[in-house]
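# Geometric and topological summary
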2 protein chains.
Amino acid sequence: MSRSNPRVVSVLERAGGFASAQEVYRLMQREGESIGLTTVYRSLQSLVNDKFVDVLRREDGEAIYRLCGGAHHHHLVCKGCGETVEIEGGAIEKWAKTMAQEFGFRDVGHTAEIFGLCPKC
Amino acid sequence: MSRSNPRVVSVLERAGGFASAQEVYRLMQREGESIGLTTVYRSLQSLVNDKFVDVLRREDGEAIYRLCGGAHHHHLVCKGCGETVEIEGGAIEKWAKTMAQEFGFRDVGHTAEIFGLCPKC
DNA sequence: TATGGAAATGAAAATCATTTTCATTTGTGC
DNA sequence: GCACAAATGAAAATGATTTTCATTTCCATA
Ligand SMILES: [Zn+2]
Ligand SMILES: [Zn+2]
Ligand SMILES: [Zn+2]
Ligand SMILES: [Zn+2]
């Protein structure tokens with residue numbers, strides 16, 4: 001299992017919002033960094049395992065990754081420029097718990113994302 | 001644009017929870033129904049356009065489809081058997097609106113799903 | 001320093017869902 | 001029957017992701 005590659009982390013830092021594996025790869029190429037696509041995938045995978053980045057899916061199904069504080073949280077993502085704000089979701093946590101209880105579900109997790117246009121767009 | 005194919009709708013009805021295009025195709029094959037994979041994809045796409053089904057993504061990125069009331073709502077999905085309950089998300093709507101306002105986002109939508117184990121599993 | 005094995009790397013091939021192409025079939029009105 | 005549009009589906013193309021496998025880089029120990 002490859003270690004959390006610092007060069008990939010650095011790209012994600014500079015990228016700001018979410019970026020796909022292919023984008024990370026292209027970015028590194030453009031900047032003259034020598035790396036294989038396979039290594040990009042492996043590094044991102046291991047960063048996800050270690051909870052250093054979180055991953056979600058574009059509308060077309062492509063996985064996108066983002067550096068990310070470890071604590072559980074949610075996102076407000078701009079459809080225009082990709083700008084992302086990490087937000088707190090107390091209301092969601094409560095909602096999820098209530099609903100799960102009501103229907104007898106155990107061992108529950110949840111996803112919740114908000115998409116819109118940021119002030120700049 | 002292909003019409004909302006009633007045979008595909010029927011499969012989704014019988015399938016219960018979510019099913020991928022490939023699964024719908026395999027199911028119809030197994031039941032001796034003659035249909036092309038392309039047509040399955042086209043029918044599902046048009047059902048999504050017409051809001052007769054909603055679509056979300058498996059963890060691996062594969063799109064899954066489900067017959068679905070037209071109104072906006074959310075899902076409680078069993079990780080074990082796929083059993084799905086449509087739930088109401090008043091708390092989420094409010095949360096999304098509040099967060100969007102706070103950060104000046106316009107034109108916002110949201111997704112929210114809960115995953116867990118149903119009573120049977 | 002040499003050396004043997006473990007971990008990391010990456011090029012190329014394989015996988016697999018989804019889309020595109022394009023020729024054929026089906027349906028509908030005249 | 002005839003023309004024409006919509007629907008269909010087989011096969012090829014696409015594109016992200018994973019797998020394979022040979023090579024390189026590290027690292028500990030003799
Ligand atoms: Zn995050
Ligand atoms: Zn923006
Ligand atoms: Zn639904
Ligand atoms: Zn279940």
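Computed from a predicted model, the values in this text were never measured in an experiment.

### Quick notes on the overall build of chain A
Scanning chain A for helices and strands turns up 4 helices and 6 strands. Ordered by position in the sequence, the α and β elements of chain A form the string α-β-α-α-β-β-β-β-α-β. If you line up chain A on its principal axes, its C-alpha atoms span 55 × 40 × 25 Å. Out of the 121 residues belonging to chain A, those deemed buried represent 42%. In chain A, the share of contacts with a sequence separation of at least 24, taken over all contacts with a separation of at least 6, comes to 49%.

### Structural notes on the sheet that holds strand β6 (residues 106-117) of chain B
Pairing between the strands of a sheet is mediated by backbone hydrogen bonds and can be parallel or antiparallel. Pairing within the open sheet is mixed, and its 6 strands lie in the order β5(A)-β4(A)-β6(A)-β6(B)-β4(B)-β5(B). Bordering the open sheet on either side are β5 (84-87) of chain A together with β5 (84-87) of chain B, each of which pairs with just one other strand. Averaged over neighbouring strand pairs, the angle between their axes works out to 20° when direction is ignored. Where strand β4 (residues 74-78) of chain A lies against strand β6 (residues 106-117) of chain A, 4 bridges are found, and the strand directions are parallel. Across the sheet, the residue bridging to His75(A) is Glu113(A), located in β6(A). Contacts between helix α4 (residues 90-102) of chain B and the sheet are confined to β4, β5 and β6 of chain A together with β4 (74-78) and β6 of chain B, with β6(B) contributing the most and set at about 140° to the helix.

### Section: the relation of the copies chain A and chain B
Screw-axis analysis of chain A against chain B gives a translation of 0.0 Å along the axis, an RMSD of 0.1 Å, and a rotation angle of 180°. The operation mapping one copy onto its partner corresponds to a two-fold rotation axis. Among all C-alpha atoms of chain A, that of Ala112(A) lies closest to the rotation axis, at 2.1 Å. Here 100% of the interface residues in chain A have copies in chain B that are interface residues too; the copies meet face to matching face.

### Structural notes on the coordination of the zinc ion (ligand 1)
Residues and elements named next belong to chain A. Surrounding the zinc ion (ligand 1) are the protein donor atoms Asp-54 (OD), Cys-68 (SG), His-73 (NE2), His-75 (NE2) and Glu-86 (OE), at 2.0 to 2.7 Å. Summarised as a motif, the one-chain spacing of the donors to the zinc ion (ligand 1) is D-x13-C-x4-H-x1-H-x10-E. The exposure classification of His-73 matches that of His-75, with both residues buried.

### Section: the pairing of strand β2 (residues 53-57) of chain A
A regular strand carries its side chains on alternate faces of the sheet. Residues and elements named next belong to chain A. As paired elements, β2 and strand β3 (residues 63-67) share 5 bridges and run antiparallel to each other. For Leu-56, the partnering residue across the bridge sits in β3 and is Ile-64. Linking β2 to β3, which pair antiparallel, is a turn of 5 residues; within it Gly-61 sits at a positive phi near 95°.

### Details of the pattern of salt bridges
If you walk through the whole model with that rule in mind, you get 10 salt bridges over all chains. Close ionic contact of Arg58(A) with Glu62(A) constitutes a salt bridge, the shortest N to O distance being 3.3 Å. By relative accessible area, Glu62(A) is classed as partly exposed at 26%. Arg58(B) serves as the salt-bridge partner of Glu23(B), at 2.9 Å between the closest nitrogen and oxygen. Remark: Arg58(B) occurs in the loop between β2 (53-57) and β3 (63-67) and Glu23(B) occurs in helix α2 (residues 21-30); sequence separation between them is 35 residues. For Glu23(B), a relative accessible area of 25% translates into the label partly exposed.

### Regarding helix α1 (residues 6-15) of chain A
All names here are of chain A. For α1, the complete set of buried residues consists of Val-8, Val-9, Val-11 and Leu-12. Here the buried residues of α1 occupy an arc of 160° about the axis, which is enough to place them on one side. Facing away from the buried side of α1 by over 90 degrees, the exposed positions are Pro-6 and Glu-13. Summarising the contacts, the buried residues of α1 are in contact with β1 (19-20), α2 (21-30), α3 (37-49), β2 and β3. Where α1 starts, the residue carrying a side-chain oxygen 2.8 Å from the main-chain nitrogen of Arg-7 turns out to be Asn-5. With its phi angle positive at about 80°, Gly-16 sits one or two positions after the end of α1.

What counts and how
Residues numbered from 1 in each chain as written. Chains lettered and ligands numbered in written order. Predicted model: local features only at pLDDT ≥ 70, side-chain atom pairs only at ≥ 80, totals over all residues. Heavy atoms only, no water. Helix = DSSP H or I, 4+ residues; strand = E, 2+ residues; numbered from the N terminus. Buried < 20%, exposed > 50% of the residue type's maximum accessible area, 1.4 Å probe, protein only. Contact = heavy atoms within 4.5 Å. Pairing = 2+ DSSP bridges. Axes fitted to C-alpha atoms, helices over the stretch in contact; angles between N-to-C directions. Least-squares fit on C-alpha atoms with pLDDT ≥ 70 in both. Donors = N, O, S within 2.8 Å, 3.2 Å for Na, K, Ca; no water. Salt bridge = Lys/Arg side-chain N within 4 Å of Asp/Glu carboxyl O. Arc of directions from axis to C-beta. Polar contact = N/O pair within 3.5 Å; in protein donor to acceptor, adjacent residues only side chain to side chain.

None of the figures reported here should be taken as evidence of function without further support.
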